Amino acid sequence: MSLLTNINKAFDNRIRLGIMSILMVNEYADFNTLKELLDVTDGNLASHSKSLEKAEYIHVEKQFIGRKPNTRYSTTKLGRAAFKKHIDALEQIIKKQ
Amino acid sequence: MESKDYLNDINEIKELMNKSSRFISLSGSSGILAGIYALIGTYLAYNIIYFTQSPSDDYKTLVLYELEMLQLFGIAFVVFILSIATGIFLSWRKSKKHNEKFWDATSKRLIINFLIPLATGGFFIIFLIEKEIYAFVAPLTLVFYGLACVNASKYTLGYIRYLGITMIIIGLLSVKFLGYGLFFWALDFGVCHIIYGTLMYNKYDRS
């Protein structure tokens, strides 16, 4: 099926898809916000966000708020383009069915 | 590969986008109640203002004594506080019912963006009152409240946007009918709140 060629494997997972969805409509989101919205464990979120970071789809910033370490995420240009392509592909498939 | 999965993906994307960027627990019934408070408030104000003057007199001139003035501000203040308290309480209850967080990034963003135009209007009106320019107080409250709603609508349920636009239009219109501020107030804060509150209640609160 040629339709499936635009489906991005990087988003073929509920958590990675979720991280991208949230970051598409927010300037940035921190670790705890993502964790609560997606209802996942620390380890799970960390490993999935790392893989998106490796693909250069998201940008990770580590900083300190007072004494607390705070990690915040935002999308990269590449990530936004890839995600849009992915959503278009999903919609195409649904339309065809 | 199941098509059902993809549909599910799309739904989940939409839900997360909404949930993470908008405060979705805003209660429609609190809008209805705010409208009812406003109608009661304007009714009381009407009785105070026109206790001595009959409504058929010239509406453009209003003679108020200090005591009446204080009573009017008192009514406005009570209506305002009651509406806010009801809004917070009912939205809090709705968020609990749906297992959402009440105080999070979305509710903070909503309140800040609602308050920027509202506080601007508030100060502007206080300065006018200080200068004893009363004619534009009623239209300005409507216009600034409308702007606050439009601004806040990006961060919560979309209906607020139309409520805001209606408020602004009626507010501007009321400038052409100075002296009838109280009626426009009743129409806007009272009737519009009830109409839009009911629409929101039917769409989002039930279920």
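No experiment lies behind these values; they were computed from the predicted model shown.

A. A look at the sheet that holds strand β3 (residues 68–75) of chain A. Residue and element names in this part refer to chain A. One open sheet accounts for 3 strands, arranged β1-β3-β2; its pairing is antiparallel. Across the chains shown, the open sheet's two edge strands, defined by having one partner strand only, are β1 (29–30) and β2 (58–65). The sheet contact formed by β2 and β3 spans 8 bridges and is antiparallel. Following the sheet pairing, F64 is matched in β3 by P69. Where helix α1 (residues 14–25) meets the sheet, its contacts fall on β1, β2 and β3, and the angle it forms with β3 comes to roughly 85 degrees.

B. Focus on the packing of helix α2 (residues 28–49) of chain B against helix α7 (residues 181–205) of chain B. Residues and elements named next belong to chain B. One can describe the packing of α2 onto α7 by two numbers: an axis separation of 6 Å at closest approach and a directional angle of 165 degrees. By the angle between their directions, the pair α2 and α7 is classed as roughly antiparallel. As α2 runs across α7, the sense of the crossing is left-handed.

C. Representation of the nonpolar core. Judged by nonpolar contacts, the single largest core of 30 residues is most densely connected at L142(B), A148(B), C149(B), A152(B) and M167(B). For this core, the secondary-structure elements that each account for two or more residues are α2, α4 (105–130), α5 (137–152), α6 (159–175) and α7 of chain B. For this core, the leading source of residues is α5(B), giving 9 residues. In contact with A148(B), other than residues within four places in its own chain, are F114(B), P117(B) and L118(B). Counting 21 residues, the second largest nonpolar core, distinct from the first, contains M20(A), L23(A), L37(A) and I13(B).

D. Region of the structure containing the confidence of the model for chain B. For chain B, mean pLDDT is 88; residues scoring 70 or higher make up 92% of the total. Reported for the predicted complex are a pTM of 0.80 and an ipTM of 0.84.

E. Inspection of the packing of α4(B) against α5(B) at higher detail. All names here are of chain B. Running from N to C, α4 and α5 point in directions that differ by 165 degrees, and their axes come no closer than 7 Å. Considered as vectors, α4 and α5 are oriented roughly antiparallel to each other. Judged by the sense of rotation from one axis to the other, the crossing of α4 with α5 is right-handed. Contacts between α4 and α5 involve L110, N113, F114, I116, P117, L118, T120, G121, F124, I125, L128 and I129 on the former and, on the latter, V137, L140, T141, F144, Y145, L147, A148, N151 and A152. Broken down by class, the residue content of the contact of α4 with α5 amounts to 16 nonpolar, 5 polar and no charged.

F. Spotlight on the pairing of β3(A). When β1(A) meets β3(A), the two strands line up antiparallel, connected through 2 bridges. Looking at β3(A), one finds that A29(A) is bridged to Y73(A).

G. Inspection of the interface of chain B and chain A at higher detail. Opposite the 15 residues of chain B that make contact, chain A presents 17 residues. With 12 residues, the single largest contributor to the side of chain B that touches chain A is helix α1 (residues 3–21) of chain B. Among the residues forming the side of chain B that touches chain A, the class breakdown is 8 nonpolar, 3 polar and 4 charged.

H. Seen up close, helix α4 (residues 77–96) of chain A. All names here are of chain A. Across its 20 residues, α4 extends 29 Å between first and last C-alpha, which sits within 8% of the 28 Å expected from 1.5 Å per residue. Buried within α4 are the following residues: G79, A82, F83, H86, I87, L90 and I93. The arc enclosing the buried residues of α4, seen along the axis, measures out at 135 degrees, which places them on a common side. Every exposed residue of α4 that faces more than 90 degrees away from the buried side is listed here: K77, A81, K84, D88, K95 and K96.

What counts as what
Residues numbered from 1 in each chain as written. Chains lettered and ligands numbered in written order. Predicted model: local features only at pLDDT ≥ 70, side-chain atom pairs only at ≥ 80, totals over all residues. Pairing = 2+ DSSP bridges. Helix = DSSP H or I, 4+ residues; strand = E, 2+ residues; numbered from the N terminus. Contact = placed C-beta atoms within 7 Å. Axes fitted to C-alpha atoms, helices over the stretch in contact; angles between N-to-C directions. Parallel < 35°, antiparallel > 145°, perpendicular 65-115°, else oblique. Left-handed = near helix turned anticlockwise from the far one by under 90°. Core = buried A, V, L, I, M, F, W, Y, C linked by C-beta atoms within 7 Å. Buried ≥ 20, exposed ≤ 12 C-beta atoms within 10 Å, placed from the backbone. pLDDT = per-residue confidence, 0-100. Nonpolar A, V, L, I, M, F, W, Y, C, P; charged D, E, K, R; others polar. Expected span 1.5 Å × (residues − 1). Arc of directions from axis to C-beta.

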